[in-house]
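# Geometric and topological summary
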Amino acid sequence: MAELGMREELRSAAPNRKLDSSFGEPAFASPSKDEQQLLAVPFCGSIRGGMRPGKKITIMGIVDPEPDGFDISLTCGCDDVALEVSARFEDRQLLRNAHVSGSWGEEEMAIPFFPFLAGQPFRLEIHCEHQSFRVLLDGQPLFDFCHRVRSLTSIDTIQISGSLSLTKLN
């Protein structure tokens, strides 16, 4: 019964707002209060069945108004990191790397432009393909990252931290 009361308090604590696109139309609705609790940053969640070719993860969020940076990691439980994407606003860099068998690999940083803007919403898709992860931002190809973890199904956790708010994750 006390848990139900806490849920009601969470629902009424802050107003539900809509985010506007550049055309003044709602881009997407803010998550419900229960969803906000589930999508709180830092976030750690399971990838049901692990990754496999054909599987896609979609992350929708809003960059904080004064961001330092944020990290999105696909991991094998608490062990290897199959893909870590680090957005660094001060340097305007998007870094990618993997941590396999106790050591970090060669960091990838080449990208034609820095795609994130302070205070703006984004939709990041991570597509698992046979040889690599293909990452798209707002529907546009951003980069490919060759698999460094052999067993794709062992990639079973997603971790997100830093200067952003999550609005949807699936």
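Structure report, in brief.

Basis of the calculations
Residues numbered from 1 in each chain as written. Predicted model: local features only at pLDDT ≥ 70, side-chain atom pairs only at ≥ 80, totals over all residues. Heavy atoms only, no water. Salt bridge = Lys/Arg side-chain N within 4 Å of Asp/Glu carboxyl O. Core = buried A, V, L, I, M, F, W, Y, C linked by side-chain atoms within 4.5 Å. Buried < 20%, exposed > 50% of the residue type's maximum accessible area, 1.4 Å probe, protein only. Contact = heavy atoms within 4.5 Å. 1 Å grid on protein atoms, 1.4 Å probe; cavity = no way out; pocket = protein on both sides within 12 Å on 5 of 7 lines; lining within 4 Å. Points joined across faces, edges and corners; volume = space filled by probe spheres on them. Helix = DSSP H or I, 4+ residues; strand = E, 2+ residues; numbered from the N terminus. Nonpolar A, V, L, I, M, F, W, Y, C, P; charged D, E, K, R; others polar. Pairing = 2+ DSSP bridges. Axes fitted to C-alpha atoms, helices over the stretch in contact; angles between N-to-C directions.

Quick look at the pattern of salt bridges now. Across all of its chains, the model carries 5 salt bridges by this definition. Several salt bridges converge on common partners, so that one network encompasses K56, R123 and E125.

Counting residues in hydrophobic clusters, the biggest one holds 37 residues, and the most contacted among them are I59, F116 and F133. Residues in contact with F133, not counting those within four places in the same chain, are M51, L74, A82, L83, I126, H127, C128, F143, D144, F145, H147 and I155.

Glancing now at the layout of surface pockets. Here the second largest pocket defines a volume of roughly 220 Å³. Together, F43, G45, S46, I47, R48, K55, K56, I57, I158, L169 and N170 line the second largest pocket. Counting residues per element, the lining of the second largest pocket draws most heavily on strand 3 (residues 43-46), at 3 residues. Residue classes in the lining of the second largest pocket are distributed as 5 nonpolar, 3 polar and 3 charged.

Here we take up the pairing of strand 6 (residues 81-88). Of all the 8 residues making up strand 6, 6 are buried; the element is thus mostly covered by neighbouring parts of the structure. Where strand 5 (residues 69-75) hands over to strand 6, the hairpin turn is made up of 5 residues, of which G77 adopts a positive phi near 60°. Bridge analysis of strand 6 against strand 7 (residues 93-100) gives 6 bridges, and the strand direction is antiparallel. Looking across to strand 7, one finds that V81 is bridged to H99.

Read from one edge to the other, the open sheet built from 5 strands follows the order 11-10-9-4-13, with strand pairing classed as antiparallel. Because the sheet does not close on itself, it has two edges, and the strands there are strand 11 (140-146) and strand 13 (164-169). Across the sheet, the mean angle separating the axes of adjacent strands is 25° when strand polarity is ignored. One ladder, built from 5 bridges, connects strand 9 (residues 121-128) with strand 10 (residues 132-137); its direction is antiparallel. Counterpart to H127 in the pairing with strand 10 is R134.

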